[in-house]
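What follows is the residue order along each chain.
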Amino acid sequence: MTLLLFARRCYRMQSYTTRQFTCRRSPGPAHNRSIDSRVPTMESSRRFFGKRRDIADNYPASMEEMLKEIPDELFPDPHTFLRMYPKTSPPYLDESPESPPKKEVFLDTKNCKSIKEVVTLVIRDMDSLTPANLAAAWVRIAQLLPKHRGSIPAGEERNETLLHHIDRLLYQTIYLSEDFSPKDLSGTILAMAKIVQNARRMYGTKQVEVYLHPVHEVFLGDAPDYLREIMRPFTETIVYFIQDFDARCLSNVCYAYALLGMNPKLDGRNTLFRSVAAEVLKKVNEFNGQDVSNTVWAFATMKVSDSDLFQSLGDAVVGNDALLSSMKPQELSNTVWAFATSNQSHYGLFAKIGDSIASQNDMQIFEPRHLSMIAWAFATANESHPSIFKIIGDSIVRYQDLKSFKNEELALTVWAFATSNVHNPKMFKRIGDSIAGYRDLRLFQAQHLTMVVTAFASAKISHPRMFKKIIDAIIENDKLRSSFTNENISKVLGAFTALNVSHPDLFEKIGNADEQPHK
């Protein structure tokens, strides 16, 4: 447990006001955040820690002894908080049984049409909100996130008041995190992870100086480790109460932290994912299709290898026909992708899922990303299932056009068929026609073009129009050509040679490029 969190729980101000924690943010009015660090009394803290022998044994003999270890700058003028939030009444800090419980407040966030409306509603009743209210607010905020930079509603761009209010909501959530039910806590963390994911899609993974929407700035801040500091109290609460988490809560926690790209270290060599895995094994019979899919996807995404977990969840899918039949296309594709990515073999899992997909009466419910991911997973796992490849190939052929397929999905699909030695000329022709019909190939990555060319060569299928399009793109686009590695160049030249494709200008360009260092 961190010293800051320990101090938050133990330090009691005699005046029953609040103190400010200075976060790792750049100085200045817009970044002078404060955490509502209301803390219980010394006696209630002793009761809280009484169950934990490792902490109780090292409990400070006196408050003065503990405060000596805490830098003075962590406790600035206590009236700063009251000046920032003049309408906030001093809280009851003593969590004794005599303290009156909060009244449940009905917070109708579902009908809010904007993040600003949600936050305004929350701030109005901030002192009376329960953890369930706070969780509902975060879930609704995540649902209302702008899809791209141009879709940010008027009045929410760089709004300092809104930024200030979202800060309050976040710090109130951190303070009350121990009072959240497992359902509300996991739902809140998942909503926060979706907010961060939304920001990364807009700005990338690097720090930026200006965030267009306040909710992004609140979570990402200016420091690389700022998000990790925000999530630390939630992580500690999860670990302490993990035995109370059911299957859905456990899967939501895994999924959320995988979206964040975080696997916090606990004591010793233990990590959050290891701790969750141990609990999953105890409750594997409670998992439904979505829980299984989210959990294995999270472990594969975070590259956490746990054979026992994968085997147990694989057994749950294979041994429960009702669970398998309830799984949606996204859940099926995520599951096989996770097993293939983690190099986890499971006797019967791929065959069972393949049979389930092949028996579908309506393949239109499978989106292009599902088809390509399933084909890639079966090929990567070296699982032979002719029926699944046939139904995927036939589904692609029946598309009126392949504009709904992303470049990567087209490349992965032909690669999977070639790798699995599945012959489907009609599908290859449709994909070749689609790529040849592109106005330009600037959006293709060198890796994907390499996969397409080598797949056609492996399948011994020629498509002169597509090959010409790819060759011209490599010749004319210096940026695309420079992105090819030596390995990619070797594969492309080998594929063209195998298909008797000759283009002197291409060989000349690549020959000149060989004089320059490649990546």
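Worth saying up front: this structure is predicted, and the values here are computed from it rather than measured.

K.L.:
Which residues make up the packing of aromatic side chains, and what are the values?
P.N.:
One pair of aromatic rings is described through two measures. These are the centre distance and the angle between the planes. With the rule as written, the count across this model stands at 12 aromatic pairs. With 5.0 Å between their ring centres and 80° between their planes, Phe273 and Phe299 make a pair best called edge-to-face. Of this pair, Phe273 sits in helix 13 (residues 272–282) while Phe299 sits in helix 14 (residues 289–301), and the two are 26 residues apart along the sequence. Accessibility assignment for this pair places Phe273 and Phe299 in one class, buried. Three or more aromatic residues joined by ring pairs form one cluster here, namely Phe428, Phe456, Phe467 and Phe496.

K.L.:
So what about the nonpolar core? Which residues, and what values?
P.N.:
Of all hydrophobic cores here, the largest spans 151 residues; its most connected members are Trp138, Phe219 and Tyr257. When sequence neighbours within four positions are dropped, the list of residues in contact with Trp138 reads Ile166, Leu169, Leu170, Thr173, Thr188, Ala191, Met192, Ile195 and Phe219.

K.L.:
So, the confidence of the model for the protein: which residues are in play, and what are the values?
P.N.:
Summary statistics for the protein give a mean pLDDT of 79 and a share of 74% for residues scoring 70 or more. Here residues 72–99 scores under 50 on pLDDT; set against residues more than four positions off or in separate chains, the count is 52 contacts.

K.L.:
Lay out the side chain of Ser177 in plain terms, naming residues and giving numbers.
P.N.:
Tracing the backbone shows Ser177 in the loop between helix 8 (160–175) and helix 9 (182–203). Within polar-contact distance, the side chain of Ser177 engages the backbone oxygen of Ile174 at 2.9 Å. Not counting residues up to four positions away in its chain, the partners in contact with Ser177 are Leu185, Pro233, Phe234 and Thr237.

K.L.:
Residue-level account of the pattern of salt bridges, with values.
P.N.:
Counted according to the given criterion, the structure contains 15 salt bridges. Note that Arg369 is salt-bridged to Glu367, the shortest N-O span being 2.7 Å. Given the relative accessible area of 36%, Glu367 is considered partly exposed. Salt-bridge contacts for Asp394 lead to Lys390; the nearest nitrogen and oxygen are separated by 2.9 Å. Of this pair, Asp394 and Lys390 are both found in helix 20 (residues 386–398), four residues apart, which corresponds to roughly one turn of the helix. Classification of Lys390 by relative accessible area gives exposed; the value is 52%. Overlapping salt bridges, with partners in common, bring together Glu279, Lys282 and Lys283 in one network.

K.L.:
Account for helix 13, naming residues and giving values.
P.N.:
Taken together, the buried positions of helix 13 are occupied by Leu272, Phe273, Ser275, Val276, Ala277, Glu279 and Val280. If you follow the buried residues of helix 13, they end up packed against helix 11 (226–240), helix 12 (247–260), helix 14 and helix 15 (307–318).

K.L.:
I'd like to hear about the environment of Ala278, residue by residue, with values.
P.N.:
Here Ala278 shows up in helix 13. The exposure class of Ala278 is partly exposed, given its relative accessible area of 40%. Separated by 30 residues in sequence, Ala278 and Asp308 have C-alpha atoms that sit 9.4 Å apart.

K.L.:
Summarise unusual backbone geometry; cite the residues concerned and give the values.
P.N.:
Negative phi is the rule for most residues except glycine; trans is the rule for most peptide bonds. For Lys303, which is not glycine, the phi dihedral falls at a positive 55°. Along the chain, Lys303 turns up in the loop between helix 14 and helix 15. For Asn343, which is not glycine, the phi dihedral falls at a positive 55°.

Scoring rules and cut-offs
Counting restarts for each chain, with residues numbered from 1 along the sequence as it is written. With the structure being a predicted model, the display of local features is reserved for residues of pLDDT at least 70 and the display and counting of side-chain atom pairs for 80 or more, all residues being used for whole-chain, interface and lining totals. Side-chain numbers come from the whole structure's heavy atoms, not from hydrogens or water. Any two rings among Phe, Tyr and Trp, with Trp reduced to its six-membered ring, count as a pair given centres within 6.5 Å; such a pair is stacked if its planes are under 30 degrees apart, edge-to-face if over 60, and tilted if neither. Counting from the N terminus, the helices are the DSSP runs of H or I reaching at least four residues and the strands are the DSSP runs of E reaching at least two. Per-residue accessibility, obtained with a 1.4 Å probe over protein chains only, is compared with the maximum for each type, and a residue is labelled buried under 20%, exposed over 50%, and partly exposed between these values. What makes a nonpolar core is a set of buried Ala, Val, Leu, Ile, Met, Phe, Trp, Tyr and Cys residues whose side-chain atoms join them at distances within 4.5 Å. Note on contacts: a residue pair qualifies if any of its non-hydrogen atoms lie within 4.5 Å across the two residues. pLDDT is defined as a per-residue confidence score from the predictor, taking values between 0 and 100. Polar contacts, as used here, are pairs of N or O atoms within 3.5 Å; protein pairs need one atom able to donate a hydrogen and one able to accept it. Residues neighboring in sequence count only if both atoms are side-chain atoms. Definition used for salt bridges: Asp or Glu carboxyl oxygen within 4 Å of a side-chain nitrogen of Lys or Arg.

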